[in-house]
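Survey of secondary and tertiary structure
What follows is the residue order along each chain.
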Amino acid sequence: MASMTNHDTDSQDAEAQEELLQDSDCCGNGCTHCILDNKPRPSKRVLLAGKRNVILSYTKFRLLRRESLDGQVLLLHFGHAAEAETETEDTVLDIPPGHHVMMRVGSLLRPYSPYWSDFQAKEFRILVKLQRGGPMSRHLAVVRPNDLLEFRGPIGQYVHDPTEAKCIYILAQGVAIAPTLPLVRQVLENEEDMSRLWHLVCARDLQHVYFREELLEFAQFWNYRSCLYLPHQQCESAACQEAGHCDQECPNLRRSLRYRETAKVCRLDASGLATHANPSIPGQRVLIVAGDANFQRTMAQSATHSLAVEPAHIYLL
Ligand SMILES: Cc1cc2nc3c(=O)[nH]c(=O)nc-3n(C[C@H](O)[C@H](O)[C@H](O)COP(=O)(O)OP(=O)(O)OC[C@H]3O[C@@H](n4cnc5c(N)ncnc54)[C@H](O)[C@@H]3O)c2cc1C
């Protein structure tokens, strides 16, 4: 763990505004929005609050809760570890939807995308999939409540304008569903936002769909639709075992789905995307894709034709 220097609040504030980025600040993971081109800076919301965003420069956060979902996937909940009383009063935590943060352990840097954050309480949560043999995964596999970790951000470019009603397609792959939740909440929690959302969630099978309860809550809103794409969904029936996956009409699959849940036993592809085009609904088409580089590239290419999204309105998280 890297040691922290003991700045007082004022000098930290100045440093946060002035901090120069160096090549070594890049994690080398090939992020679409690299920290070198997206310097963390105060948002309008923070400036309006007249406070400082604690995460603009590397700051310690305490692990408050750790939950293992299936051994390979962890929910980690962090809270800002204030070093002085004034730091508690004068600061907030601002991680806008669609932005990620950089975790630093010694010289090791890795980006993570919060699925929830609290502006006043200065807490955030991430969903982490441990990668076999990965250096950060080795570290995170053994973190325990009360451990301190360093983060910096927010990094990203996505900005949503709620005054213009849009058709927003949000495509998520596996654990990358996490950063799409704040994007959905941002629209649904604003009653004046008339944008419509299509949340297309790709996972191996139902067991690997994270945040199902949240998706069901979203489904109560008039302007939200979701569809699960589950190419490896397989029940115990002889027919589905023989086929290697459930049939689209499989009664066991139907029974596993909850009210307002829709699932397809296939990969999401260009023709699948086209079924959500709804050309009669007016509004600018916007595409947001969260997943690995290959998923992002394939979906962005397909959506330009299938959903008539202009390249300028495609955001890769
Ligand atoms: C912008 C951005 C946001 C991210 N947000 C999250 C997040 O919220 N949660 C999360 O768990 N991870 C996220 N990641 C990935 C994360 O930064 C790390 O790469 C991951 O935790 C593994 O780190 P590591 O050091 O253990 O292994 P690494 O050294 O990074 O990788 C080890 C091996 O696993 C492979 N690998 C790494 N990531 C993936 C992946 N996602 N899918 C398939 N193979 C992979 C690598 O190619 C390599 O072979 C994000 C990545 C980016 C670019």
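A quick note: this is a predicted structure, and the numbers were derived from the prediction, not measured.

**Topic: the confidence of the model for the chain**
Per-chain confidence: the chain averages 90 in pLDDT, with 93% of residues scoring 70 or above. Between residues 1-18, whose pLDDT stays under 50, and residues either more than four places distant or in other chains, the model counts 26 contacts.

**Concerning the packing of aromatic side chains**
Considering all chains together, one arrives at nine aromatic pairs under this definition. A ring pair is formed by F61 and F124, whose centres lie 5.1 Å apart and whose planes are at 75°; its orientation type is edge-to-face. Of this pair, F61 sits in strand β2 (residues 59-68) while F124 sits in strand β8 (residues 123-129); the two residues are 63 residues apart in sequence, bridging distant segments of the chain. With respect to burial, F61 and F124 carry one shared label: buried.

**Remarks on the nonpolar core**
F211 and L215 are the most contacted members of the largest nonpolar core, which has 38 residues in total. A total of five residues in this core trace back to one element, the largest contributor, which is helix α5 (residues 180-188). Here this core spans two domains, and each of domain 1 (9-155) and domain 2 (166-316) adds at least three residues to it. L215 has contacts with I177, L181, H199, V201, V209, Y224 and L228, leaving out every residue within four places of it along the chain. With 22 residues, the next largest nonpolar core counts F78, Y112, F124 and I126 among its residues.

**Examining the site of the ligand**
Near the ligand lie 15 residues; those nearest to it are R110, P111, Y112, K129 and S137. Separating an oxygen atom of the ligand from a side-chain N or O atom of R110 is a distance of 2.8 Å. One of the backbone N or O atoms of G134 is found 3.4 Å from an oxygen atom in the ligand. Contact with the protein chains hides 65% of the accessible area of the ligand, taken as 900 Å² for the molecule alone. Taken together, the elements giving at least two residues each to the shell around the ligand come down to β6 (108-112), β8 and α4 (135-141). Partitioning the shell around the ligand into residue classes produces seven nonpolar, six polar and two charged.

**A short note on the pairing of β6**
Inspection of the sheet shows strand β5 (residues 100-105) paired to β6 by five bridges, in the antiparallel sense. If you follow M102 over to β6, its bridge partner there is P111. The loop that links β5 with its antiparallel partner β6 comprises two residues; one of these, G106, has a positive phi angle of about 60°.

**A few points about the domain arrangement of the chain**
Segmentation of the chain into domains returns domain 1 (9-155) and domain 2 (166-316). Counting residues at the interface gives 14 residues for domain 1 and 13 residues for domain 2. Both faces considered, domain 1 and domain 2 share a buried interface measuring about 1100 Å² in area, 70% of it formed by carbon and sulfur atoms. For the domain 1 face of the interface with domain 2, the top three residues by lost area are P97, Y115 and L127, together amounting to 47%. Our enumeration of links across domain 1 and domain 2 arrives at zero salt bridges.

**What about the environment of D205?**
With respect to the element layout, D205 can be found in the loop between β11 (196-202) and α6 (212-218). The sequence separation of D205 and L228 amounts to 23 residues, and the corresponding C-alpha distance is 8.9 Å. Residues contacting D205, with those up to four places away along its chain left out, are L230, H232 and Q233.

**Notes on α5**
What sets the pattern is the α-helix's 3.6 residues per turn: residues three or four places apart point alike. Where burial is concerned, most of α5 is hidden: eight out of the nine residues are buried. For α5, every residue scored as buried is listed here: T180, L181, P182, L183, V184, R185, V187 and L188. Those residues of α5 that are buried lie in contact with β7 (116-118), β10 (166-173), β11, α6, β12 (224-229) and β14 (284-290).

Cut-offs and rules
Residues numbered from 1 in each chain as written. Predicted model: local features only at pLDDT ≥ 70, side-chain atom pairs only at ≥ 80, totals over all residues. Heavy atoms only, no water. pLDDT = per-residue confidence, 0-100. Contact = heavy atoms within 4.5 Å. Phe/Tyr/Trp six-rings, centres within 6.5 Å; stacked < 30°, edge-to-face > 60°. Helix = DSSP H or I, 4+ residues; strand = E, 2+ residues; numbered from the N terminus. Buried < 20%, exposed > 50% of the residue type's maximum accessible area, 1.4 Å probe, protein only. Core = buried A, V, L, I, M, F, W, Y, C linked by side-chain atoms within 4.5 Å. Domains from an automatic or database assignment. Near = heavy atom within 4 Å. Polar contact = N/O pair within 3.5 Å; in protein donor to acceptor, adjacent residues only side chain to side chain. Areas by Shrake-Rupley, 256 points an atom, 1.4 Å probe, with all protein chains shown as cover. Nonpolar A, V, L, I, M, F, W, Y, C, P; charged D, E, K, R; others polar. Pairing = 2+ DSSP bridges. Buried area = accessible area lost by both parts, 1.4 Å probe. Salt bridge = Lys/Arg side-chain N within 4 Å of Asp/Glu carboxyl O.

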